[in-house]
Amino acid sequence: MPRLVSHPDEVKVVSRRFGRGATNIDRYIELDGYKAVRQAIEKGPEWIIAEMKASNLRGRGGAGFPTGMKWSFVPKQSEKPKYVLVNGDESEPGTCKDHLIFLHDPHAVIEGCIVAGLAVGAKTGFIYLRGEYRYLLTIMEKAIADAYAKGFLGKGIFGSNFDFEIISQTGAGAYEVGEESALMESLEGKRGIPRIRPPFPAVVGLYGGPTVINNAETIASVSHILNMGGEAYAKIGSNRNGGTRLFCISGHAERPGVYELPMGYNLKKMIYEVAGGVRGGRQLKAVVPGGSSTPVLLPSEIDIGMDFDQVGKAGSMLGSGGVVVLDETVCMVEFALRTIQFYQHESCGWCIPCREGTDWLKKTLTRFHAGGGEAKDIDHIQYLAENMLGRTFCPLGDAAAMPTIAFVKKFRQEFEDHLNGKPCPYAKQQELTLA
Amino acid sequence: MADVTLTVDGKTITAPAGTLLLEACRKVGIEIPAFCYYPGLSLQAACRMCLVRIEKMPKLQTACTTQVTEGMIVATDTDEIHQARKAMLELVLANHPLDCPVCDAGGECELQDMTFKYGAGGSQFVEIKNHREEQQWSPVVFFDRPRCILCYRCVRVCNEGMDVAALGIQQRNSGSVIAPNDQTQLDCEQCGMCIDICPVGALTSDTYRYKTRPWEMTHVGTICTHCGDGCKTTLGVRRSDDGMQIVRGDNRDKSGLNGEFLCVKGRYAFDFANNEERLTQPLVRQPNGEFAPVTWEDAIKIVAQKFRVARDDRGGASIGVIGSTRNTNEEAYLLQKVARSAFGTNNIDHHRTTDYVALTRALAGKKHRMASIADAGSAPAIFVLGNDPTEQHPLLAWNLRTNVRHNSARIYLANHRDIKLQRQAKSSIQIPADGYAAFARFLGGEENSVFGEDAKALRDALRNEPSLLIVFGSELRGSAIDALAEFGLSLPDTKFACLGDYVNSRGAADMGLYPDLLPGYVPIEQEGGLRAEYGGRMSQQAGLDVAQMFEAAARNELAVLYVVGDDPAERLGVDADALRNTFVVVQDMFMTATAKLADVVLPTSNLYEKSGTVTNTFGDLQLVKKAADRAGVRSDLELIVRIADTMGEDVHALVPFGKGVRADMGQSRGVQSGEADRHGIWLAAHNLEPKLSPFDPNAVLDEIQRLVPGYNFDRMELLAGTSQHVDADGSGVMEISRFANRPDGAMPSADTLFTSGTLGHYSEKLNEVETFQAKKSMVAAD
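Treat the numbers as computed from the prediction; the structure is a model and nothing was measured. (Residues numbered from 1 in each chain as written. Chains lettered and ligands numbered in written order. Predicted model: local features only at pLDDT ≥ 70, side-chain atom pairs only at ≥ 80, totals over all residues. Heavy atoms only, no water.)

## Some thoughts on the overall build of chain B
Put simply, the test is: Each helix corresponds to a stretch of at least 4 residues labelled H or I by DSSP, and each strand to a stretch of at least 2 residues labelled E; elements are numbered beginning at the N terminus. For every residue, the accessible area obtained with a 1.4 Å probe (protein chains only) is divided by the maximum for its type, and the residue is called buried under 20%, exposed over 50%, and partly exposed between those limits. Contact definition: two residues touch when any of their heavy atoms are within 4.5 Å. Note on areas: Shrake-Rupley with a 1.4 Å probe; residue coverage comes only from the protein chains shown. Only four residue types enter the tally: Lys and Arg on the positive side, Asp and Glu on the negative side; His and the chain ends are excluded. Charge placement uses NZ in Lys and CZ in Arg. For Asp and Glu, CG and CD serve respectively.
In terms of regular secondary structure, chain B is built from 27 helices and 31 strands. With 782 residues in all, chain B has 62% of them scored as buried. Partitioning the contacts of chain B with sequence separation of at least 6, the portion at a separation of at least 24 is 69%. For chain B, the exposed area adds up to about 29100 Å²; of that, 49% sits on carbon and sulfur atoms. Distance between charge centroids for chain B: 3 Å, based on 81 positive and 102 negative side chains.

Below you can see the structure in the form of structure tokens.
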């Protein structure tokens, strides 16, 4: 089990039960568990959605869409059954927060899922775990079974006249399935390929029914929001970015780990104080602020608040909260290659620009890093990425293109240092390993 | 839906709300390129070629999935879009091999065309391309993986169109690959739709691959010679040592009544024409019992003389004539005319595979009750009684499936077997193999304990259909058809179709290849004015049918048997002894069982080597165009005329050609090639007579149009390639009771998707496919 870290600046909301035995349902109840859902049953869907809206909670999967608003889009009447879907396909390199939630606080996911169901009128929830998290399924399934045993799931939950079922499922190891519509395809037993939108999942989702799909961290936040009140939760964070966030600090940090910090927390402070600075006192070269798909930031660019709006203003994205610290020993060409290797491997292959673009980039970067690069390759790498950007079927193409463009633009000199058959000038310092 | 107005590239265009932007643009001539978009199949948005800029949208949008909305402002012709298209082509070409010089699709490749038009003239790709070896998936389908651009058209046409699901997608990223779902081979109907629909040369056919360049062929759209559906097949022909050889069959221009569709036979079973056993010299049996080749002149002289002597010495009734279900209407019509007038016999018949006569009689006097095959693709409800359309009428099956997929049509089935169409059926019941007639009466209200609750429910459902198409197989004949028609006619709006087996089974019937019926099903004793047309020489006594002719021969009452493109000996198991006293003349391509019994064998051309018209089993009349040519053979039309001419008949009386112009007996090739068709339009406009030769099928068609009930179609539309529905509505039938106990004489051939009567024996490809399928089903059974 990964070691938990902590820092005084942390505001523990979602992580407050981590390490406290909350996988046990009785312990979970002791720690205020299943309180929110009882209140939700009592006060009804409109109250839930109002609290969610007041909380300014924005989707923790990466896109940052306001959760309360998402729930309100689900039509009240529907011929087909409605569903709640928990996206636990946490696959973005640099991100490892949902993993801790499933490991330490599975009932928070169950409780949030029931509340979401009450809010939109769904009677079935699915918890979809990443294929590589299969070992967490036993924890999740035990939690679900315990909840059924207590009458928290099934017919007439908590003695009310509401029914709610939860089914857990794992993926088969595809990053693409983290995309919401691809996840639905996968859950329905098909190839994990995204769907054409519109229609959007809130109207036509899983099995054609209206579906609320939220990231596991988002869902795990729900019970806390209802317990403390939407406004109180909102106040923790920054403007229009309510609450806290689990930041996953990895790479060359002195104290890497998952820290729960208020939205808008300063990135520089996060690296130098919370995570103890760059390992071994080395120079910082770059920071990936929100998972591998977000454009890299230079040390001069990190004095910003970590919320969706401020990171966006800085030309990158808050993404999934995966902060990767890169010190001076990193070859940025190799880092670009490693990043694109991932996206090439994970491209579902459906559309031309992503399938061919990632393949081409990987081939070119491989050759380039090995010393076979030509000057025109540098522009060409940028050209390829720019011609993928915004033109792919789903955001995976953008996820590959955006960081690549940033690498070339911000570290052009490092690319030029690889020209003329020179061996990688940074090779002697290779120490980076990605989580 | 209401129309909306939008702006595309500054032009204001109007389209029904909900139309796909790509379609709306194409309708007004704004081309939006696409690989994966294919009309009628599900949307993919995968190739990203159709990206356009729509105002107020942050990203470029795919025109193939965007529906037009009021006030939408779209740009398709900007630098941004040009660059997007160019880059997309650069990307798709990254791993696409540039083996265009040897690729089957070279010259007719959508990727070539798009690259030519939208850019990426130079390649920036210097890496090593992903390569995989070519695979053979079936006797007809090859897959060259690196050429595949993953547009998923093949997968969709196989899944959605054919309902076969033999193809799927495996792996992911640039390793994504189209692959048979059944490991390494295709478990399918071998239709080749995947090959036709492939925009590049990834899927190729065994019959065509690496044979020729497309521009070295002439492409002739004609009608498939096999089943009774009458699909258009485009034959690619190329000059060979002894004529014009068919190199390829496909559905290149998709302009026929079959639209997208073509089956294994229409696409690959043209190879009988190139079979080595093809006869190319007239053969005459010598005193020693062996055949010897003779000149055409001698052969025709021998035949004409025998015919004339038989007629003059023993009377016309001593001559028997058997026509073909694969010849043109013109040949069938002329054959019966020559038989009745020049030979003086009504002993004329053909291989009947169903009972068109009964249906015509049952619907006598009722207009527009005979369905076109297009109705199967648009009728809101269809009842299929008997037959297995997937095996025997693949286009009908395609139309039914498409109708369900696109229009949610309701299909009802009653059959004694399990058939594949059950998967599309709203309801389907099983009835006993011998219970069709009883079931027809049951539908009409006659209670029968054989038929249970499901049958009653089906009957009720049919009764509640406001508009119904009834299609039935040859399981129903005679009075069973009466009962079915009576039931159908009691419903508010019903059309009918009856399923015969071969390309011109219906035409042979319509043209009067019957001993007792004249063209248009006119009873011979009524004659309908035809007697005078035929110079008053026609007898009004009904003649012998096929079986009776052989009986007469055995009794030494048949002096001559003239078999034009049929193989009755094989079908009826006739032995040589039965014909020992009969002079047998056979016109055929091959030494068939009947030809082996003949005294003279005249090698003929097949449907792909002649012009004319055929009528499919639904009564859709279509133009047949000469595609191939084979030195040494003659068309049946030419031979009929030459024999009659040599007998001393007035050719002008038989074929209304060249008003006052003398016959030019030497011009057969020119008119056969269809040249007269093209010149004909110009000539007709100048009031000149285009039909200069008695071998011109257009001259015979003139007479058919004038004299055959139901064949009052639009000639110019037909010439333009549009099928014309002929409604042999029984208007020529005057005395209905006359038919009451008429034997139908039908012998359904029970062909499958992979057989085609005698002709099928000579298609190596069809035989190969049949063996492949049989092996596979044996493995499956293990």
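Back to the write-up after that little detour.
## Topic: the pattern of salt bridges
Quick reminder of the rule: Salt bridges, as used here, are contacts in which a Lys or Arg side-chain nitrogen is within 4 Å of a carboxyl oxygen on Asp or Glu.
Per the counting criterion, the structure on display carries 78 salt bridges over all chains. In this structure, K70 of chain A and E180 of chain A form a salt bridge, with 3.9 Å as the shortest nitrogen-oxygen distance. In this pair, K70 of chain A sits in helix 4 (residues 67-72) while E180 of chain A sits in helix 8 (residues 180-187), placing the two residues 110 residues apart along the sequence. According to the relative accessible area criterion, K70 of chain A is partly exposed, its value standing at 22%. Of the charged contacts in the structure, one is a salt bridge between E446 of chain B and R441 of chain B, with a shortest N-O distance of 3.3 Å. Assessed through its relative accessible area of 39%, E446 of chain B is described here as partly exposed. What emerges from the salt-bridge pattern is a single network uniting R60, K97, D98 and E217 of chain A.

## Observations concerning helix 14 (residues 479-489) of chain B
Listed as buried for helix 14 of chain B are A480, I481, A483, L484, A485, F487 and G488 of chain B. Where the residues of helix 14 of chain B are buried, they touch helix 9 (356-362), strand 18 (381-385), helix 12 (436-443), helix 13 (453-463), strand 21 (468-472) and strand 22 (494-498) of chain B.

## Observations regarding the interface of chain B and chain A
Quick note on the threshold: Values labelled buried area give the accessible surface lost by two parts on being combined, using a 1.4 Å probe and summing over both. Pairs of N or O atoms are called polar contacts if they sit within 3.5 Å, as long as, within protein, a hydrogen donor faces a hydrogen acceptor (for residues adjacent in sequence, only side-chain-to-side-chain pairs).
Each side of the interface is counted separately: chain B has 38 residues, and chain A has 31 residues. For the pairing of chain B and chain A, the buried interface totals around 3000 Å² over both sides, and the portion due to carbon and sulfur atoms is 53%. Considering only the surface of chain B that becomes buried against chain A, L91, E127 and R172 of chain B emerge as the three largest contributors, covering 23% of it. The interface formed by chain B and chain A includes 3 salt bridges. In this structure, E346 of chain A and R172 of chain B form a salt bridge, with 3.1 Å as the shortest nitrogen-oxygen distance. On inspection of chain B and its partner chain A, the count reaches 30 residue pairs in polar contact (both at pLDDT 80 or more).

## What to know about the environment of Q705 of chain B
Residue and element names in this part refer to chain B. If you trace the backbone, Q705 turns up in helix 24 (residues 697-707). Sequence separation between Q705 and S467 is 238 residues, and the spatial gap between their C-alpha atoms is 31 Å. Residues in contact with Q705, not counting those within four places in the same chain, are Y711, F713 and R715.

## Regarding the domain arrangement of chain B
How big an interface is tends to be expressed through the accessible area that disappears when the partners come together. All names here are of chain B. Definition in use: An automatic or database domain assignment provides the domain bounds reported here.
If you check the domain split of chain B, you get domain 1 (3-77), domain 2 (91-205), domain 3 (283-352 + 505-656 + 700-741) and domain 4 (356-499). For domain 1 and domain 2, the distance between their C-alpha centroids amounts to 26 Å. Across the contact, 12 residues belong to domain 1 and 14 residues belong to domain 2. When the two sides are added together, the surface that domain 1 and domain 2 hide from each other amounts to roughly 1100 Å², 65% of it contributed by carbon and sulfur. Area buried by domain 1 at its contact with domain 2 is led by F35, Y38 and L41, which between them contribute 51% of it. Taken together, the connections running from domain 1 to domain 2 amount to 1 salt bridge.

## A few points about the nonpolar core
The condition is simple: Only buried residues count toward a nonpolar core. Its members are Ala, Val, Leu, Ile, Met, Phe, Trp, Tyr and Cys residues joined through side-chain atoms within 4.5 Å.
Counting 157 residues, the largest nonpolar core has F415 of chain A together with L21 and I178 of chain B as the members making the most contacts within it. Among residues more than four places away in sequence, those in contact with L21 of chain B are L6, V52, I54, A63, T66, V68, M72 and V74 of chain B. Within the second largest apolar cluster, 63 residues are counted, among which are W47, V84, A108 and A116 of chain A.

## Observations concerning the packing of aromatic side chains
Defined as follows: By convention, a stacked pair of Phe, Tyr or Trp rings (six-membered ring in the case of Trp) has centres within 6.5 Å and planes under 30 degrees apart, an edge-to-face pair has planes over 60 apart, and any other such pair is tilted.
What the rule picks out here adds up to 27 aromatic pairs over all chains. Pairwise contacts between aromatic rings join Y28, Y34, F152 and F158 of chain A into one cluster.

## Describing helix 7 (residues 137-149) of chain A
Helical geometry note: an α-helix holds 3.6 residues per turn, so side chains three or four residues apart project in the same direction. Residue and element names in this part refer to chain A. The condition is simple: Each helix should span, by expectation, one fewer than its residue count multiplied by 1.5 Å.
End to end, helix 7 covers 18 Å across 13 residues, agreeing with the expected 18 Å (1.5 Å per residue, within 8%). Listed as buried for helix 7 are L137, M140, A143, I144, D146 and A147. Contacts from the buried residues of helix 7 go to helix 1 (25-30), helix 5 (97-104), helix 6 (106-120), strand 2 (124-129) and strand 3 (165-170). After helix 7 finishes, the residue G151 shows a positive phi value of roughly 80 degrees.

## Regarding the packing of helix 13 (residues 332-346) of chain A against helix 16 (residues 395-410) of chain A
Residue and element names in this part refer to chain A. Under the convention used in this document: Simply put, an axis is a line fit to the C-alpha atoms, just over the touching stretch for a helix, and the angle between two N-to-C directions goes from 0 to 180 degrees. Any angle that is under 35 degrees is reported as roughly parallel, and any over 145 degrees as roughly antiparallel; angles of 65 to 115 degrees are reported as roughly perpendicular and all others as oblique. As a working rule, the residues Ala, Val, Leu, Ile, Met, Phe, Trp, Tyr, Cys and Pro are called nonpolar, Asp, Glu, Lys and Arg charged, and the rest polar, with Gly in that last group.
Two elements in contact, helix 13 and helix 16, have axes whose closest approach is 10 Å; the angle formed by their N-to-C orientations is 170 degrees. Between helix 13 and helix 16, the interaxial angle falls into the category roughly antiparallel. Contact residues: helix 13 offers M332, F335, A336, T339, I340, Y343 and E346, while helix 16 offers L396, A399, A400, P403, T404 and F407. Looking at the contact of helix 13 with helix 16 residue by residue, the class counts come to 10 nonpolar, 2 polar and 1 charged.

## What about the domain arrangement of chain A?
Residues and elements named next belong to chain A. Domains assigned within chain A are domain 1 (14-236), domain 2 (244-327) and domain 3 (332-434). Contact with domain 2, which involves 17 residues of that partner, is made by 16 residues of domain 3. Buried surface at the junction of domain 2 and domain 3, both sides included, amounts to about 1300 Å², of which 67% is carbon and sulfur. Applying the counting rule to domain 2 against domain 3 returns 2 salt bridges. Put simply, K410 and E301 hold a salt bridge, and the shortest N to O gap is 3.0 Å. Where domain 2 meets domain 3, there are 5 residue pairs in polar contact (both at pLDDT 80 or more). Only strand 8 (284-288) and strand 10 (322-327) provide two or more residues apiece to the side of domain 2 that touches domain 3. Looking at the side of domain 2 that touches domain 3 element by element, the count peaks at 3 residues for strand 8.

## Some thoughts on the environment of S341 of chain B
All names here are of chain B. Among the secondary structure elements, S341 is positioned in helix 8 (residues 329-343). Not counting residues up to four positions away in its chain, the partners in contact with S341 are Y534, R537 and L654. Polar contacts involving the side chain of S341 include one to the main-chain carbonyl oxygen of K337, which spans 2.6 Å.

## A look at the sheet that holds strand 6 (residues 135-136) of chain B
Backbone-to-backbone hydrogen bonds join strands into a sheet, with any given pair of strands oriented parallel or antiparallel. Residue and element names in this part refer to chain B. Test applied: For two strands to be treated as a pair, DSSP must find at least two bridges joining them.
Spatial strand order, 6-7-10: 3 strands in an open sheet with antiparallel pairing. At either end of the open sheet lies a strand with only one pairing partner, and these are strand 6 and strand 10 (203-205). With 3 bridges connecting them, strand 7 (residues 141-143) and strand 10 associate as antiparallel partners. What sits directly across from V141, in strand 10, is S205.

## Structural notes on the pairing of strand 1 (residues 3-8) of chain B
On a regular strand, one side chain projects to one face of the sheet and the next to the other, so that they alternate. All names here are of chain B. A one-sided burial pattern is seen for strand 1, the buried positions being V4, L6 and V8 and the unburied ones D3, T5 and T7. Sheet topology places strand 1 next to strand 2 (residues 11-16); 6 bridges connect them, and they run antiparallel. In the strand pairing of strand 2, V8 is matched with K11. Sheet topology note: the strand 1/strand 5 (residues 73-75) ladder contains 2 bridges and is parallel. Paired with V8 across the strands is V74, a residue of strand 5.

## Overview of the side chain of S292 of chain A
Its place among the elements puts S292 of chain A in the loop between strand 8 and strand 9 (305-306). If we skip the residues at most four places from it in the chain, S292 of chain A touches E92, P93, T339, Y343 and P403 of chain A.

## So, the packing of helix 14 (residues 352-372) of chain A against helix 15 (residues 375-388) of chain A
Each packed pair of helices is defined by two parameters, the angle between the axes and the distance between the axes. Residue and element names in this part refer to chain A. The cut-off we apply is this: Helix crossings are classified by the rotation of the near helix relative to the far one: an anticlockwise turn of less than a right angle makes the crossing left-handed, while a clockwise turn makes it right-handed.
Across the interface, helix 14 lies against helix 15 with an axial gap of 10 Å and an inter-helix angle of 160 degrees. In terms of their interaxial angle, helix 14 and helix 15 are classed as roughly antiparallel. Considering only the axes of helix 14 and helix 15, their crossing is left-handed. Taken together, the residues of helix 15 that come into contact with helix 14 (itself represented by P353, C354, G357, T358, W360, L361, T364, L365, R367, F368 and G372) are D377, I378, H380, I381, L384 and M388.

## A look at a nonpolar patch on the surface
Put simply, the test is: Exposure above 30% relative accessible area and the lack of any salt bridge qualify a residue for a patch; like charges then connect within 9 Å, and the nonpolar side chains Val, Leu, Ile, Met, Phe, Trp and Tyr within 5 Å.
On the surface, F65, M69 and F73 of chain A cluster together into a nonpolar patch covering about 280 Å² of accessible area. Following the sequence through the fold, F73 of chain A ends up in the loop between helix 4 and strand 1 (83-88).

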